[in-house]
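Given next are the chains, with one letter for each unit.
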Amino acid sequence: ENMRLKAQVAQLEDRVDHLAERARGTRAQDDRVRNLAELDQLHRTTLQSMSDVVLITDDAGQLTYVSPNVHLVFGHAREEVEREVPITFLLALGLFDHDALETRGKVANRECRIRDSVGRARDLLVSVRKVNLPQGSIFYVCRDITERKKLEAELELLRLSLDRKVEERTQELRKSREKYRQLVEGLQDEYLFYATDLEGRISYVSPSVHNILGYGPETSIGRNWRDFVDRDSDEYSYLEELERLRLSGVTTPPYEV
């Protein structure tokens, strides 16, 4: 009788172990299901928060997955485009070279223009990648760059406008300089125009220097204006004071030397 009872106890223990193992398996499966549900919720929340639209197609170009935020770029509700319609419902043919995709595995940053559900033009930046997913084999990421393209066009227009204004102003300055040159060089006998650097070295002198002082312009440029003045004269110290005023930006009065 004891042996029979021991055998029953052993059977009951085996049964309890079996049930416990099943319970552990059920809990683990429940945990996996719960984790997958949480990951799926995180995935959905992430895609809904992104501005980029994700599309997946099979090798034939049939849409097999559409991210929930598809309406942000294309204007269509997800329900309109997720029923395995062709990718050409959203993107035009010839967006990328399929042979290049097969060779390199990805084609990045291709620009294209589409019309959304209400006919508005939108500029997109599309990257395509070859994948091996249950949902399909070609993975698309579509980014709306309409505003960026608009800003780039406006900046280019401003740049062209600025270049035109600079060219116009440059032409005006050239004409003004030519008039000034003709005026200066036309005064041969009474006036002498010159410019110096901060040390007093002559950087420009009008051709009239030859008629007034007897020096040619080519022999005057590079020399200091003091070389043309009698340093023993009483006016020399006064000229140095006028030079100091001139360098400080003060207009000097007429003087004789």
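Okay, so let's go over this structure. (Residues numbered from 1 in each chain as written. Predicted model: local features only at pLDDT ≥ 70, side-chain atom pairs only at ≥ 80, totals over all residues. Heavy atoms only, no water.)

Brief notes about helix H8 (residues 236-247)
No. 1: Taking 1.5 Å of rise per residue, the twelve residues of H8 would be expected to cover 16 Å, and the 17 Å separating its terminal C-alpha atoms lies within 8% of that figure.
No. 2: Among the residues making up H8, those that are buried are Tyr-236, Leu-239, Leu-242 and Glu-243. For H8, the angular spread of the buried residues around the axis is 110 degrees, confining them to a single face.
No. 3: Two residues or fewer after H8 comes Gly-249, characterised by a positive phi angle close to 95 degrees. (Helix = DSSP H or I, 4+ residues; strand = E, 2+ residues; numbered from the N terminus. Expected span 1.5 Å × (residues − 1). Buried < 20%, exposed > 50% of the residue type's maximum accessible area, 1.4 Å probe, protein only. Arc of directions from axis to C-beta.)

With respect to the sheet that holds strand S5 (residues 136-144)
No. 1: Read across the open sheet, the five strands follow the order S2-S1-S5-S4-S3; overall the sheet is antiparallel. With one partner strand each, in any of the chains shown, strand S2 (63-66) and strand S3 (106-115) form the two edges of the open sheet. Neighbouring strand axes in the sheet, compared pairwise and without regard to direction, differ in orientation by 25 degrees on average.
No. 2: Strand contacts of helix H5 (residues 146-186): S3, strand S4 (121-133) and S5, with the helix running at about 135 degrees to S4, the strand carrying the most contacts. (Pairing = 2+ DSSP bridges. Axes fitted to C-alpha atoms, helices over the stretch in contact; angles between N-to-C directions. Contact = heavy atoms within 4.5 Å.)

Structural notes on the pattern of salt bridges
No. 1: Using the criterion set out here, one finds 19 salt bridges in the structure.
No. 2: Between Asp-197 and Arg-201 there is a salt bridge, with the nearest N and O atoms lying 3.1 Å from each other.
No. 3: We note a salt bridge from Glu-240 to Arg-226, for which the minimum N-O separation is 2.7 Å. In this pair, Glu-240 sits in helix H8 while Arg-226 sits in the loop between helix H7 (217-220) and H8, placing the two residues 14 residues apart along the sequence.
No. 4: Given the relative accessible area of 27%, Glu-240 is considered partly exposed.
No. 5: A residue is classified by how much of its surface remains accessible, and Arg-226, at 14% relative accessible area, is buried. (Salt bridge = Lys/Arg side-chain N within 4 Å of Asp/Glu carboxyl O.)

Details of a nonpolar patch on the surface
No. 1: A cluster of nonpolar side chains, namely Leu-192, Tyr-194, Ile-212, Leu-213, Tyr-215, Tyr-238, Tyr-255 and Val-257, defines an oily patch on the protein surface of about 720 Å² accessible area.
No. 2: Along the chain, the position of Val-257 falls in the segment after H8.
No. 3: Residue Val-257 is classed as exposed on the basis of its relative accessible area, which comes to 66%. (Patch = residues over 30% accessible without salt bridge, like charges linked within 9 Å, V, L, I, M, F, W, Y side chains within 5 Å. Areas by Shrake-Rupley, 256 points an atom, 1.4 Å probe, with all protein chains shown as cover.)

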